[in-house]
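The chain contents come next:
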Amino acid sequence: ETGVTQSPTHLIKTRGQQVTLRCSSQSGHNTVSWYQQALGQGPQFIFQYYREEENGRGNFPPRFSGLQFPNYSSELNVNALELDDSALYLCASSLGIAPYEQYFGPGTRLTVT
Amino acid sequence: AQSVTQLDSHVSVSEGTPVLLRCNYSSSYSPSLFWYVQHPNKGLQLLLKYTSAATLVKGINGFEAEFKKSETSFHLTKPSAHMSDAAEYFCVVSVSRNAGNNRKLIWGLGTSLAVNP
């Protein structure tokens, strides 16, 4: 059984650029959730994908978008990067949309300069 | 409105002494509750969960939590702290977004646990 993996581990971008972060869910899981964790803060829910469709969204602007693929891996895209987007981006997979157990990847550290 | 409050942002204990990390929640319905741990530069790991079964929940690494509905609390405890327990701990409540099985997680702000030798 493979765990949740994320790529890249670290990323540095310039304000205004676009970024794509990737996540492979745990084997057998069909739901992926994305979180933003600013330094010293708890994770903030961005959105969730279930069977390739968005299933819930937090208070993030439309420039945060995502995709889920038939193999249940997922991408998080952020357009027009702002300095405040600098954070750890966490992906979590689970089985079904009732998140009784979520398994997290190690995260992608994004720095926007 | 549903919410979760971790009452201490920082807790410091000596190795071998008990650990208590406090969490209170507010929920209109019977919640599911979780504790996650995050070690430095690592992802989040599920410690334990409460989903309306036994009120005393045992998790990994010797941690336990007790669901007390009358006090709306879900405090995390461990009888004897180990140096490796030093980490950030998050209390999380799972609440319904609407009718049916559609739920979301609400995260506390975290408690940083320091373990002194």
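Going by the structure above, here's the rest.
This report concerns the structure included in the present document.

Criteria and cut-off values
Residues numbered from 1 in each chain as written. Chains lettered and ligands numbered in written order. Predicted model: local features only at pLDDT ≥ 70, side-chain atom pairs only at ≥ 80, totals over all residues. Heavy atoms only, no water. Helix = DSSP H or I, 4+ residues; strand = E, 2+ residues; numbered from the N terminus. Rg over C-alpha atoms; globule rule 2.2 N^0.38 Å. Buried < 20%, exposed > 50% of the residue type's maximum accessible area, 1.4 Å probe, protein only. Contact = heavy atoms within 4.5 Å. Areas by Shrake-Rupley, 256 points an atom, 1.4 Å probe, with all protein chains shown as cover. Phe/Tyr/Trp six-rings, centres within 6.5 Å; stacked < 30°, edge-to-face > 60°. Disulfide = S-S within 2.5 Å. Pairing = 2+ DSSP bridges. Axes fitted to C-alpha atoms, helices over the stretch in contact; angles between N-to-C directions.

## Notes on the overall build of chain B
And step 1. Helix and strand content of chain B: zero helices and 12 strands.
And step 2. Listing the helices and strands of chain B from first to last along the sequence gives β-β-β-β-β-β-β-β-β-β-β-β.
And step 3. Taking 117 residues into account, the globule formula puts the C-alpha radius of gyration at 13 Å, and chain B, at 14 Å, falls close to it.
And step 4. For the C-alpha atoms alone, the extent of chain B along its principal axes is close to 50 × 30 × 20 Å.
And step 5. Here chain B holds 117 residues, and the buried ones make up 44% of them.
And step 6. The long-range fraction of contacts in chain B, counting pairs at least 24 apart against all pairs at least 6 apart in sequence, stands at 56%.
And step 7. Split by element, the accessible area of chain B, about 5700 Å² in all, is 51% carbon and sulfur.

## Quick look at the packing of aromatic side chains
And step 1. Counted under the stated rule, the structure contains 14 aromatic pairs over all chains.
And step 2. An angle of 70° between the planes, with centres 5.6 Å apart, marks the rings of A:Tyr35 and B:Trp107 as edge-to-face. Here the residue A:Tyr35 occupies a position in strand 4 (residues 31–37), and B:Trp107 occupies one in strand 11 (residues 103–107), the pair thus bridging two chains.
And step 3. Between the aromatic rings of A:Phe104 and B:Tyr36, the centroid separation amounts to 5.4 Å while the plane-to-plane angle is 85°, which identifies the pairing as edge-to-face. Linking A:Phe104 in strand 10 (residues 103–104) with B:Tyr36 in strand 5 (residues 32–38), this pair reaches from one chain into another.
And step 4. The class of A:Phe104 is buried, set by a relative accessible area of 10%.
And step 5. Among the residues examined, B:Tyr36 registers a relative accessible area of 0% and is labelled buried.
And step 6. By way of ring pairs, the aromatic residues A:Tyr35, A:Phe45, A:Phe104, B:Phe34, B:Tyr36, B:Phe90 and B:Trp107 are connected into one cluster.

## Brief notes about the state of the cysteines
Residue and element names in this part refer to chain A.
And step 1. Tallying each qualifying case throughout the model produces two disulfides over all chains.
And step 2. For Cys23, the disulfide goes to Cys91, at an S-S distance of 1.7 Å. Taking the sign of the torsion about the S-S bond as the criterion, the disulfide between Cys23 and Cys91, at about -55°, is left-handed. Of this pair, Cys23 sits in strand 3 (residues 19–24) while Cys91 sits in strand 9 (residues 87–94); the two residues are 68 residues apart in sequence, bridging distant segments of the chain. Each member of the pair, Cys23 as well as Cys91, carries the same accessibility label: buried.

## Observations concerning the environment of A:Thr113
All names here are of chain A.
And step 1. Considering the arrangement of structural elements, one finds Thr113 in the segment after strand 11 (108–112).
And step 2. Given a relative accessible area of 54%, Thr113 falls into the exposed group.
And step 3. For the pair Thr113 and Leu90, spaced 23 residues apart in sequence, the C-alpha separation works out to 20 Å.
And step 4. Leave out the neighbours within four places in its chain, and Thr113 touches Ile12, Lys13, Thr14, Arg15 and Leu83.

## Describing the sheet that holds strand 8 (residues 74–78) of chain A
Residues and elements named next belong to chain A.
And step 1. Reading across the sheet, the four strands line up as 1-3-8-7 and stay open at both edges, with antiparallel pairing between neighbours. Since the sheet does not close on itself, it has two edges, and those belong to strand 1 (5–7) and strand 7 (64–68), each with one partner. Neighbour-to-neighbour, the strand axes of this sheet turn through a mean angle of 20°, independent of strand direction.
And step 2. The pairing of strand 3 with strand 8 spans five bridges and is classified as antiparallel. Considered in strand 8, the bridge of Thr20 is made with Asn77.

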